[in-house]
Amino acid sequence: MSPDEYCQQKAVQSGSSFYYSFLFLPPERRRAITALYAFCREVDDTVDECTDPTVARNKLMWWRKEIKAMLDGTPSHPVTQALQPHVPAYALDGKHLLAIIDGMEMDLDQTRYLDYKGLQKYCWHVASVVGILSASIFGATRPETLQYAEKLGLAFQLTNIIRDVGEDARKGRIYLPVNELQQFNVTAADILNARHSENFEKLMRFQAERARSVYAEAFALLPKADRRAQRPGLMMAAIYGALLEEIERDRFQVLNQKISLTPIRKLWLAWKTYVRG
């Protein structure tokens, strides 16, 4: 299996919504974004699938060394071998790749966030940086485009947090800010024990409204000159926006189930956005 095939398989197996936006890219950019996505999956799985924090830290340290090796021209892993030629081609910053690893390590150090400001720092590492790198691969000619991508990454992560409340709680993690739980009279025990309530719905509606406002802020930053190139991100936004509506329609029943869209609906939303241009 070639490095590119390894990354393609990683992307397909994940079942992620991101995969549908990759389908509409030219081959070279598609290979680049698939390699970046595979890298994110590898380091994320290192933390999520490893029950021993010490082993997980050692694996993340290995990935830091591997990024350095890739930048020096000697990658050993299929993902970094696939990603390497795209680093100079799309001016990808190695510091951003290392920042993603730092974000994954935050999950080993912290399972609660006191306030939204603290949560934003985490989101920057695990999502906003990915947005910046992705926008560079798609084709960004203006600095505002990278600002848009950074903000869009935050919006995606806020949506993920809403969707995955129950799943994260089963791993002992609560990403909803502590002061906001207190504001809506929802306890950590309510989340960990999957107790759905009216207060919980109000809390989640507040989260959803904030996510929507961040999407709006992102769209306002995207220059018209780069809109066509950045269609993959806009496709993802269409899919995530529909997901958010579905979750809200289901009254935020996210503690005991993971609400998702069907593959055909994701593809339809991506296609509609692509055609709209």
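Please read these numbers as outputs of a predicted model, since none were measured by experiment.

Engineer: Where do I start with the environment of Asp-226 in this structure?
Structural biologist: The topology assignment puts Asp-226 in helix H14 (residues 224-227). Here Asp-226 falls in the buried class, since its relative accessible area comes to 2%. Taking the C-alpha atoms as reference, Asp-226 lies 27 Å from Glu-209; in sequence the two are 17 residues apart. What Asp-226 contacts, discounting residues up to four positions off in sequence, is Gly-139, Ala-140, Thr-141, Arg-142 and Thr-145.

Engineer: I would appreciate a short explanation of the packing of helix H3 (residues 27-48) against helix H4 (residues 53-71) in the present structure.
Structural biologist: Relative orientation and spacing of two packed helices are given, respectively, by the angle between their axes and the distance between those axes. Where H3 meets H4, the axes come as close as 8 Å, and the angle between the chain directions of the two elements is 155°. One finds that H3 runs roughly antiparallel with respect to H4. Residues Phe-39, Glu-42, Val-43, Thr-46 and Val-47 of H3 pack against Ala-56, Lys-59, Leu-60, Trp-63 and Ile-67 of H4. A breakdown of the residues in the contact of H3 with H4 according to their chemical character gives seven nonpolar, one polar and two charged.

Engineer: Would you mind showing me how to read unusual backbone geometry here?
Structural biologist: Trans is the prevailing form of peptide bonds, just as negative phi is the prevailing case for residues other than glycine. Even without a glycine there, the phi angle at Ala-91 is positive, about 50°. Here Ala-91 lies in the loop between helix H6 (86-89) and helix H7 (94-109). Despite not being glycine, Ala-194 has its phi angle at roughly 55°, a positive value. Note on placement: Ala-194 falls in the loop between helix H12 (188-192) and helix H13 (198-221). Judged by its relative accessible area of 23%, Ala-194 falls in the partly exposed class.

Engineer: What is the right way to look at the state of the cysteines in this model?
Structural biologist: Should the sulfur atoms of two cysteines be covalently bonded, the bond is a disulfide. Applying the stated rule across the entire model yields zero disulfides. The thiol sulfur of Cys-40 is not disulfide-bonded, and the nearest other cysteine sulfur, from Cys-7, lies at 11 Å.

Engineer: Help me understand H13 in this model?
Structural biologist: Note on helix geometry: an α-helix contains 3.6 residues per turn, so any two residues three or four positions apart are oriented the same way. Over its 24 residues, H13 extends 35 Å from the first C-alpha to the last, a length consistent with the 34 Å expected when each residue adds 1.5 Å. Turning to H13, its buried residues number three or more, namely Phe-200, Glu-201, Leu-203, Met-204, Gln-207, Ala-208, Arg-210, Ala-211, Val-214, Tyr-215 and Ala-218. In this fold, the buried residues of H13 make contact with helix H8 (116-138), helix H9 (143-163), helix H10 (165-170), helix H11 (178-183), H12 and helix H15 (231-249).

Engineer: Is there a simple way to explain the nonpolar core in this structure?
Structural biologist: Among soluble globular proteins, nonpolar side chains are generally buried collectively. Core analysis: the biggest nonpolar cluster contains 90 residues, and Phe-39, Ile-100, Leu-119, Leu-176, Ile-191, Phe-200 and Met-204 have the highest contact counts within it. A per-element tally of this core places H8 first, with 12 residues. In this structure, Ile-100 is in contact with Phe-39, Cys-40, Val-43, His-125, Val-129, Val-130 and Leu-133, ignoring residues within four places of it in sequence.

Engineer: I would appreciate a short explanation of H8 in the present structure.
Structural biologist: Along H8, the helix axis deviates most sharply at Trp-124, where the bend reaches about 55°. Counting buried positions over the 23 residues of H8 gives 18, a clear majority of the element. Just downstream of H8 lies Gly-139, where phi reads positive at about 120°.

Engineer: Help me understand the pattern of salt bridges, please; the structure alone is not making it clear to me.
Structural biologist: Opposite charge on two side chains allows them to pair when their charged atoms are near. Tallying each qualifying case throughout the model produces 26 salt bridges. With a shortest N-O distance of 2.3 Å, Glu-28 and Arg-31 are connected by a salt bridge. Remark: Arg-31 and Glu-28 occur in helix H3; sequence separation between them is three residues, near one turn of the helix. Looking at Glu-28, the relative accessible area reads 38%, which means it is partly exposed. A salt bridge links Arg-249 to Glu-246; the shortest N-O distance between them is 3.0 Å. Of this pair, Arg-249 and Glu-246 both sit in helix H15, three residues apart, which is roughly one turn of that helix.

Cut-offs and rules
Residues numbered from 1 in each chain as written. Predicted model: local features only at pLDDT ≥ 70, side-chain atom pairs only at ≥ 80, totals over all residues. Heavy atoms only, no water. Helix = DSSP H or I, 4+ residues; strand = E, 2+ residues; numbered from the N terminus. Buried < 20%, exposed > 50% of the residue type's maximum accessible area, 1.4 Å probe, protein only. Contact = heavy atoms within 4.5 Å. Axes fitted to C-alpha atoms, helices over the stretch in contact; angles between N-to-C directions. Parallel < 35°, antiparallel > 145°, perpendicular 65-115°, else oblique. Nonpolar A, V, L, I, M, F, W, Y, C, P; charged D, E, K, R; others polar. Disulfide = S-S within 2.5 Å. Expected span 1.5 Å × (residues − 1). Core = buried A, V, L, I, M, F, W, Y, C linked by side-chain atoms within 4.5 Å. Bend = angle between axes of the 7 residues up to and from the residue. Salt bridge = Lys/Arg side-chain N within 4 Å of Asp/Glu carboxyl O.

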